Amino acid sequence: MTSTAAPTADVPLSTLLRTGSQQEHRDAEGSAFMAELTAGRVSREGYAHYLGCLRRVYAALESVGRDLRDDPVAGPVVDPALERLAAIEADLAAWGGDPRAASAATDAYVARIEATRAWGGLYVAHHYTRYLGDLSGGQVIGRALTREYDLAPGEGIAFYRFEAVPKPKPYKDAYRAALDALPLDTTQRDRVLDEVRVVFGLNGALFAELSELLPQYRR
């Protein structure tokens, strides 16, 4: 894939990734599944299926991250404080889900994450897109689930609670500074941006798949 933007070397990488993927971000976030879920119209089984898909994504993301923690490009963003796998597993236990949820879209997503072992910059694209998104929007989703499913405080929403990141705003600022300091030339920066666009597409494909399953997961 070739970047359609014409980034210059003096644009911070964090700005390049945000502005260069805005269309892909918009395309991925308008999911019927998430709209129905946050309105309380998805069954517990449907949400558990989603968690099972997420578990597979984060298992791959965090396994590769551990392998790349000393990588000069990926290493600066890898942080155990962000890891979500244990939280997802706790939520799966609460919602009664299958941690090996069958999903063609998830298969493709996991394969793409595994392929990032080839170069740390590709892994950064996946790490940035998932974890900064979780820190930014996850709190709203957690509150909606608690309200719509009449959950006890903290019940079944561990995925959205970053206990090791008590103040998301300064953490995100520091994360973006780490991105901007990565040792990348212009061509490599473009590769990272292209992969961010791919990641949004993978997320969009997963949500499209889940949206097709809505008839069987209506609450």
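Residues numbered from 1 in each chain as written. Predicted model: local features only at pLDDT ≥ 70, side-chain atom pairs only at ≥ 80, totals over all residues. Heavy atoms only, no water.

**Comments concerning the overall build of the protein**
From N to C terminus, the protein includes nine helices and zero strands. Taken from N to C terminus, the helices and strands of the protein fall in the order α-α-α-α-α-α-α-α-α. For 219 residues, the compact-globule formula gives about 17 Å, and the C-alpha radius of gyration of the protein, at 17 Å, lands near that figure. Taking the principal axes of the C-alpha coordinates as reference, the protein spans close to 50 × 35 × 25 Å. Considering the protein as a whole, with its 219 residues, one finds that 50% of them fall into the buried category. (Helix = DSSP H or I, 4+ residues; strand = E, 2+ residues; numbered from the N terminus. Rg over C-alpha atoms; globule rule 2.2 N^0.38 Å. Buried < 20%, exposed > 50% of the residue type's maximum accessible area, 1.4 Å probe, protein only.)

**Overview of helix α9 (residues 186–212)**
Here α9 spans 39 Å end to end across 27 residues, near enough to the 39 Å set by a 1.5 Å rise per residue. Its side-chain oxygen at 3.2 Å from the backbone nitrogen of Thr187, Asp185 defines the N-terminal cap of α9. (Expected span 1.5 Å × (residues − 1). Polar contact = N/O pair within 3.5 Å; in protein donor to acceptor, adjacent residues only side chain to side chain.)

**Structural notes on the packing of helix α7 (residues 120–148) against α9**
Running from amino to carboxyl end, α7 crosses α9 at an angle of 45°, the nearest separation of the two axes being 8 Å. What the angle tells us is that α7 and α9 run oblique. For the crossing formed where α7 meets α9, the hand is right-handed. Note on element contacts: α9 touches α7 through Arg191, Val192, Glu195, Val196, Val199, Phe200, Leu202 and Asn203, opposite Gly121, Leu122, Ala125, His126, Tyr128, Thr129 and Arg130. (Axes fitted to C-alpha atoms, helices over the stretch in contact; angles between N-to-C directions. Parallel < 35°, antiparallel > 145°, perpendicular 65-115°, else oblique. Left-handed = near helix turned anticlockwise from the far one by under 90°. Contact = heavy atoms within 4.5 Å.)

**Comments concerning the pattern of salt bridges**
Under the definition given, this model contains 15 salt bridges. Taking the shortest distance from any N to any O, the salt bridge between Arg117 and Asp67 comes out at 2.2 Å. Of this pair, Arg117 sits in the loop between α6 (104–115) and α7 while Asp67 sits in helix α4 (residues 44–67); the two residues are 50 residues apart in sequence, bridging distant segments of the chain. With relative accessibility at 35%, the residue Arg117 sits in the partly exposed group. Notably, a salt bridge pairs Asp98 with Arg100, separated by 3.7 Å at the nearest N-O pair. Relative accessible area serves as the criterion here: at 68%, Arg100 is assigned to the exposed category. Among the ionic contacts, a cluster of salt bridges with common partners joins Glu24, Asp194 and Arg197. (Salt bridge = Lys/Arg side-chain N within 4 Å of Asp/Glu carboxyl O.)

**A look at the nonpolar core**
Counting 67 residues, the largest nonpolar core has Phe33, Tyr50, Leu145 and Leu179 as the members making the most contacts within it. Breaking this core down by element, the ones donating at least two residues are α1 (13–20), α3 (32–38), α4, α5 (85–95), α6, α7, α8 (168–180) and α9. If one sorts the elements of this core by residue count, α4 sits on top with 11 residues. (Core = buried A, V, L, I, M, F, W, Y, C linked by side-chain atoms within 4.5 Å.)

**Remarks on the packing of aromatic side chains**
A full pass over the atoms with the stated rule returns eight aromatic pairs. Taking the centre distance of 6.0 Å and the plane angle of 50° together, the rings of Tyr47 and Tyr50 count as tilted. Here Tyr47 pairs with Tyr50, and both are found in helix α4, just three residues apart, close to one helical turn. With respect to burial, Tyr47 and Tyr50 carry one shared label: buried. A centroid spacing of 4.9 Å and a plane angle of 75° characterise the contact between Phe159 and Tyr160, whose relative ring orientation is edge-to-face. As far as burial versus exposure is concerned, Phe159 and Tyr160 are alike and both buried. If you follow Arg44 out to its NZ or CZ, it ends over the ring of Trp95, 4.5 Å from the centre. (Phe/Tyr/Trp six-rings, centres within 6.5 Å; stacked < 30°, edge-to-face > 60°. Lys NZ or Arg CZ within 6 Å of the ring centre and 35° of its normal.)

**Things to note about the confidence of the model for the protein**
Summarising the model, the protein shows a mean pLDDT of 93, and 96% of its residues fall at 70 or more. pLDDT under 50 marks residues 1–7. Its contacts with residues more than four places away, or in other chains, come to 12 contacts. (pLDDT = per-residue confidence, 0-100.)

**Considerations on the environment of Asp180**
Tracing the backbone through its elements, the reader meets Asp180 in helix α8. Among the residues examined, Asp180 registers a relative accessible area of 37% and is labelled partly exposed. Asp180 sits 150 residues away from Gly30 along the chain, and the two C-alpha atoms are 29 Å apart. Sequence-distant contacts of Asp180, defined by excluding residues within four places in its chain, comprise Pro12, Leu13 and Ser14. A polar atom in the side chain of Asp180 sits 3.2 Å from the backbone nitrogen of Leu13.

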